[in-house]
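# Structural characterization, general
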Amino acid sequence: MPRYNSVLDAIGNTPLIRLQRASEETGCEIYGKAEFLNPGQSVKDRAGLAIIRDAEDKGLLDPGAIIVEGTAGNTGIGLALVANALGYRTVIVIPETQSEEKKDALRLMGAELIEVPAVPYRNPNNYVKLSGRLAEQLARTHPQGAIWANQFDNVANRDAHVVTTAEEIWHQTAGEVDGFICAVGTGGTLAGTAIGLKRRSGRIKIGIADPMGASLYNYYAHGELKAEGSSITEGIGQGRITANLEGFKPDFAYQIPDEDALRIVFALVHEEGLCLGGSSGINIAGAIRMAREMGPGHTIVTVLCDYGNRYQSKLFNPAFLKEKGLPTPGWIEAKPAEFDIPFE
Ligand code: PMP
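Residues numbered from 1 in each chain as written. Predicted model: local features only at pLDDT ≥ 70, side-chain atom pairs only at ≥ 80, totals over all residues.

### Focus: the overall build of the chain
Each helix and strand counted, the chain has 11 helices and 10 strands in total. Dimensions of the chain, computed from the C-alpha atoms along their principal axes, are close to 65 × 60 × 45 Å. Looking at the chain as a whole, 51% of its 344 residues are labelled buried. Once local pairs closer than 6 in sequence are excluded, the contacts in the chain between residues at least 24 apart make up 70%. (Helix = DSSP H or I, 4+ residues; strand = E, 2+ residues; numbered from the N terminus. Buried ≥ 20, exposed ≤ 12 C-beta atoms within 10 Å, placed from the backbone. Contact = placed C-beta atoms within 7 Å.)

### Overview of the site of the ligand
Taken together, 21 residues surround the ligand, and among them Gly-185, Thr-189, Gly-235, Ser-279 and Cys-305 come closest. Only helix H3 (74–86) and helix H7 (188–200) provide two or more residues apiece to the shell around the ligand. Tallying contributions element by element places H7 first for the shell around the ligand, with three residues. Classifying every residue of the shell around the ligand by side-chain character gives seven nonpolar, 11 polar and three charged. Counting only domains with at least three residues in the shell around the ligand, you end up with domain 1 (7–37 + 164–324) and domain 2 (43–148). (Near = placed C-beta within 6 Å. Nonpolar A, V, L, I, M, F, W, Y, C, P; charged D, E, K, R; others polar. Domains from an automatic or database assignment.)

### Some remarks on the nonpolar core
Ranked by size, the top nonpolar core spans 60 residues in total, and within it Phe-180, Ile-181, Ala-209 and Ala-287 carry the most contacts. No other element matches the seven residues that helix H10 (residues 278–294) contributes to this core. Residues in contact with Ile-181, not counting those within four places in the same chain, are Ile-206, Gly-207, Ile-208, Ala-209, Asn-283, Gly-286, Ala-287, Met-290, Ile-300 and Thr-302. Leu-61, Ile-77, Ala-105 and Trp-148 belong to the second-largest nonpolar core, a separate cluster that totals 36 residues. (Core = buried A, V, L, I, M, F, W, Y, C linked by C-beta atoms within 7 Å.)

### Here we look at the domain arrangement of the chain
Domain boundaries assigned for the chain yield domain 1 (7–37 + 164–324) and domain 2 (43–148). Domain 1 and domain 2 are separated by 25 Å when their C-alpha centres are compared. Domain 1 puts 23 residues into the contact, and the matching count from domain 2 is 16 residues. Mapped by element, the contributors of at least two residues to the side of domain 1 that touches domain 2 are helix H6 (156–172) and H7.

### Section: helix H9 (residues 258–272)
In this model H9 runs 20 Å from its N-terminal to its C-terminal C-alpha over 15 residues, within 8% of the 21 Å that 1.5 Å per residue would give. Listing the buried residues of H9 in full gives Asp-258, Asp-260, Ala-261, Leu-262, Ile-264, Val-265, Phe-266 and Leu-268. Those residues of H9 hidden inside the fold are in contact with strand E9 (252–256) and H10. The first or second residue beyond H9 is Gly-273, which carries a positive phi of 70 degrees. (Expected span 1.5 Å × (residues − 1).)

### Here's the deal with the sheet that holds strand E4 (residues 89–95)
The strand order across the open sheet formed by four strands is E5-E4-E3-E6, and the pairing between neighbours is parallel. Two strands in the sheet have a free side with no partner beyond their single neighbour: strand E5 (112–116) and strand E6 (146–148). Going from strand to strand, the sheet's axes swing by 20 degrees on average, the running direction of each strand aside. In this structure, strand E3 (residues 66–70) lies alongside E6, joined through three bridges in parallel fashion. If you follow Ile-67 over to E6, its bridge partner there is Ile-147. Sheet strands touched by helix H5 (residues 127–141): E3, E4, E5 and E6. Its angle to E3, the strand with the most contacts, is close to 160 degrees. (Pairing = 2+ DSSP bridges. Axes fitted to C-alpha atoms, helices over the stretch in contact; angles between N-to-C directions.)

### Focus: the environment of Gly-40
By the element assignment, Gly-40 lies in the loop between strand E2 (29–34) and helix H2 (44–57). Excluding residues that lie within four positions of it along the chain, Gly-40 makes contacts with Asp-45, Ile-77, Gly-78 and Leu-81.

### As for the pairing of E4
The buried fraction of E4 amounts to five of the seven residues, a majority that puts the element mostly inside the structure. Judged from the five bridges that link them, E3 and E4 form a sheet pairing that is parallel. Residue pairing for E4: Ile-66 is matched across the bridge by Arg-89. Taking the sense of rotation as the criterion, the β-α-β connection linking E4, helix H4 (residues 100–108) and E5 turns out right-handed. (Right-handed = clockwise from strand over helix to strand, strands pointing away.)

### Comments concerning the environment of Ile-206
Structurally, the position occupied by Ile-206 is in strand E8 (residues 205–211). Residue classification places Ile-206 among the buried positions, given that 22 C-beta atoms sit within 10 Å. Sequence separation between Ile-206 and Val-43 is 163 residues; the distance between their C-alpha atoms is 18 Å. Every residue in contact with Ile-206, bar those within four places of it in the chain, is listed here: Phe-180, Ile-181, Ala-194, Pro-250 and Asp-251.

Rendered as structure tokens:
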């Protein structure tokens, strides 16, 4: 095992984990990149580190400066841990609908949290736009200055995946990867990994796994940004072409209902000991569809974005699932212990 100088060196270089049932059912080798093993426990540590390093390289960050961001949570956690390690402060604007576990993780890191109502992007009080205006204001008024991380339209996010995620996957599969697929929040992971892998080999196919309520499936499959339905997944589901997605075009596009993603998430806990968040379920469902379309014998990689404990109160809460009309496996209900304890 390596020896690191700081927690920042522990970001990235995550293992690939073979997904047993998904592989067996498709006759392909399906691997998940275990991004939940990053120090902030999600794929977004990579973007957090890259965005802050990019701002430093451009001379935009004085010691003690404030990093402002609008985030569903994971990017904020990544930014906050990097900011703490490098001597900056973090102010996070988050839609109040996001999981309490992610908000707690942000508070734990000492980020200043501003919860705002969840409204669509076209509304001027959308969390992303609010964070941009707040950053502008703090840049003028805070003595140490402030920057806006702007993960959606800051391509330092995508570049992180070109130089790290894609290269790691290429080497981990000894160049035998045939396909890569994941969902889109900012598009940094998908577009960046796609650029890096296609640079390595033009034969590698790229897929997008879009949740319901997002517009990108219709855009890439039918040329129209159009959303239908809704999803309880967090951190994914985009309605516009962000700067990170500019120039990106997938070979395959799938729309994945929450029911499919949740069945996979629940089965993975029970059968493979892997407890993941909802976006990972969307990704794996997409990888299975892509494997079926490409045919047996291919190696397909997807992303295990974060860990299930970040959604204990939602995805793994029977009351929440029932309220949303989603499948609830029996084992999730609290049960009395089956065995008598031999107290003396
Ligand atoms: N899954 C989760 C849980 C996330 O928080 C995010 C980031 N918003 C993503 C997936 C999507 O990653 P990206 O922003 O790189 O598209």
